[in-house]
Amino acid sequence: MSIELRHFRCFLAIADTLSITRAAERLHLTQPAVSRTLRQLEQALGVHLVDRSTHHLALTPDGLSFRDRAAVAVASFDRALGYAHRTAWPLRLGHAWAGAGTDTTALLRRWHEEHPATPLELLRIDDRTAGLARGEVDAALLRGEVSAPGLITERLTTEPRVAGLPADDPLAHRTALSLADLADRTIAVNTVSGVTSLDLWPPSARPASTITIGNTDDWLAAITGGRAVGVTTSATAEMHPHPAMAYVPLTDAPPVPVVIAWRDGPGHPRIPDLIRLAREVMGQRRGGGGSGLAGEPTVGS
């Protein structure tokens, strides 16, 4: 049996909903048709993608690995159809919350000047790889260490960490803070795309209280609303100023690497040009005193 695109779409609907019933509703198919299509795909691949041995459907390790590959294939197909009648093939650059920081405007304008025939689309996607692993973008500007399979990263610069506080917080008017100053506070932690976890603090002095959020907007709302404080990088202060928010430098928190990432394999033909330009624009600064070298690609495992 040959594998067709419908097999991929069916599997992705199951992976997204973790339910044969909801997948069938999304695809406007019957449940037996969805189960049959999944079974055909598993037989053709020779692996089990979905564990149906319990009351709650779950992806197997092979299913988790295959999900991103299937998403890339479907996204590439849909993009090819979408751009079939266009003269330009846009290059999509993902980011999770701060773009290229203060270099964002320079990056976009220089690209337009040097590559006017290829639009550069900057897309915010709330995901650890800003949609790159799932094929939603061609490349991504990411913060923190990225080790997703099939991705290549190159460090461009580093950014110092800052504390995010309500503007009327007693600590907001300090010129600098330490992690210990925040240890008795509730910390807002972005578990979807953020780079802060309780591991940033020493085991003996970790904050006892956290709230979990999923994007920068909710992070800002939690802090300006007085529910928590947070830790981020200087780029957030630059890209997301807020009258009810204060950003204060942290003296003892390590800087955060900023990388450009792309998939290991065929991609948009202008990706090398984007990497070169990002290196020129963002690699000119070395925020936070980081010692990592720019320009050294790393392949995710």
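For the structure itself, consult the block above.
Calculation rules
- Residues numbered from 1 in each chain as written.
- Predicted model: local features only at pLDDT ≥ 70, side-chain atom pairs only at ≥ 80, totals over all residues.
- Heavy atoms only, no water.
- Buried < 20%, exposed > 50% of the residue type's maximum accessible area, 1.4 Å probe, protein only.
- Helix = DSSP H or I, 4+ residues; strand = E, 2+ residues; numbered from the N terminus.
- Pairing = 2+ DSSP bridges.
- Contact = heavy atoms within 4.5 Å.
- Axes fitted to C-alpha atoms, helices over the stretch in contact; angles between N-to-C directions.
- Parallel < 35°, antiparallel > 145°, perpendicular 65-115°, else oblique.
- Left-handed = near helix turned anticlockwise from the far one by under 90°.
- Core = buried A, V, L, I, M, F, W, Y, C linked by side-chain atoms within 4.5 Å.
- Arc of directions from axis to C-beta.
- Polar contact = N/O pair within 3.5 Å; in protein donor to acceptor, adjacent residues only side chain to side chain.
- Salt bridge = Lys/Arg side-chain N within 4 Å of Asp/Glu carboxyl O.

A word on the pairing of strand 7 (residues 161–166)
Point 1. Counting buried positions over the six residues of strand 7 gives six, a clear majority of the element.
Point 2. As judged from the four bridges shared by strand 7 and strand 10 (residues 230–233), these two strands associate in the antiparallel manner. Residue pairing for strand 10: Ala163 is matched across the bridge by Val231.
Point 3. Pairing geometry for strand 7 and strand 11 (residues 245–249), over five bridges, is antiparallel. Counted as the bridge partner of Ala163 is Val248 from strand 11.

Examining the side chain of His115
Point 1. If you trace the backbone, His115 turns up in the loop between helix 5 (104–114) and strand 4 (120–124).
Point 2. Setting aside its immediate chain neighbours within four residues, His115 contacts Arg270, Asp273 and Arg276.

Some remarks on the packing of helix 5 against helix 8 (residues 271–282)
Point 1. In the contact formed by helix 5 and helix 8, the axes pass within 10 Å of each other and the chain directions differ by 135°. By the angle class used here, helix 5 and helix 8 are oblique. When you trace helix 5 past helix 8, the crossing you get is right-handed. Contact residues: Ala106, Leu107, Arg110, Trp111 and Glu114 in helix 5; Asp273, Leu274, Arg276, Leu277, Ala278, Glu280 and Val281 in helix 8.

Observations concerning the nonpolar core
Point 1. Core analysis: the biggest nonpolar cluster contains 21 residues, and Phe11, Ile14, Val34, Leu49, Val50 and Phe66 have the highest contact counts within it.
Point 2. Those elements giving two or more residues to this core turn out to be helix 1 (5–17), helix 2 (20–27), helix 3 (31–45) and helix 4 (61–82).
Point 3. When residues of this core are assigned to their parent elements, the largest contribution, seven residues, is made by helix 1.
Point 4. Setting aside residues up to four positions removed in sequence, Phe66 forms contacts with Phe8, Phe11, Leu41, Leu45 and Leu49.
Point 5. Counting residues in hydrophobic clusters, the runner-up holds 20 residues, among them Leu107, Ile271, Leu274 and Ile275.

Overview of the environment of Ala71
Point 1. Here Ala71 lies in helix 4.
Point 2. Between the C-alpha atoms of Ala71 and Asp169, which are 98 residues apart in sequence, the distance is 44 Å.
Point 3. In this structure, Ala71 is in contact with Leu12 and Arg134, ignoring residues within four places of it in sequence.

Some words on the packing of helix 1 against helix 3
Point 1. Helix 3 packs onto helix 1 with a crossing angle of 110° between their chain directions and a minimal axis gap of 9 Å. Between helix 1 and helix 3, the angle falls in the class roughly perpendicular. Here helix 1 and helix 3 pass one another in a crossing that is left-handed. Contacts from Arg6, His7, Phe8, Cys10, Phe11 and Ile14 of helix 1 reach helix 3 at Val34, Thr37, Leu38, Gln40 and Leu41.

Thoughts on helix 6 (residues 216–224)
Point 1. Taken together, the buried positions of helix 6 are Thr216, Trp219, Leu220, Ala222 and Ile223. Along helix 6, the residues classed as buried sweep out an arc of 160° about the axis, all on the same side.
Point 2. Two to three positions downstream of the cap, the backbone nitrogen of Asp217 sits 3.1 Å from a side-chain oxygen, assigning the N-cap of helix 6 to Asn215.

A closer look at the sheet that holds strand 10
Backbone hydrogen bonds are what pair the strands of a sheet, in a parallel or an antiparallel way.
Point 1. Ordered by their spatial adjacency, three strands build an open sheet running 10-7-11, and the pairing between neighbours is antiparallel. With partners counted over all chains shown, the strands left at the sheet margins are strand 10 and strand 11, one partner each. Looking at each pair of strands side by side, their axes are set apart by 40° on average, direction ignored.
Point 2. Strands in contact with helix 6 are strand 7, strand 10 and strand 11; relative to strand 11, the strand with the most contacts, it is inclined by about 95°.

Some details on the pattern of salt bridges
Point 1. Taken as a whole, this structure holds 19 salt bridges when the rule is applied.
Point 2. In this structure, the salt-bridge partner of Asp16 is Arg26, at a minimum N-O distance of 3.2 Å. Remark: Arg26 occurs in helix 2 and Asp16 occurs in helix 1; sequence separation between them is ten residues.
Point 3. Under the relative-accessibility criterion, Arg26 is labelled partly exposed at 46%.

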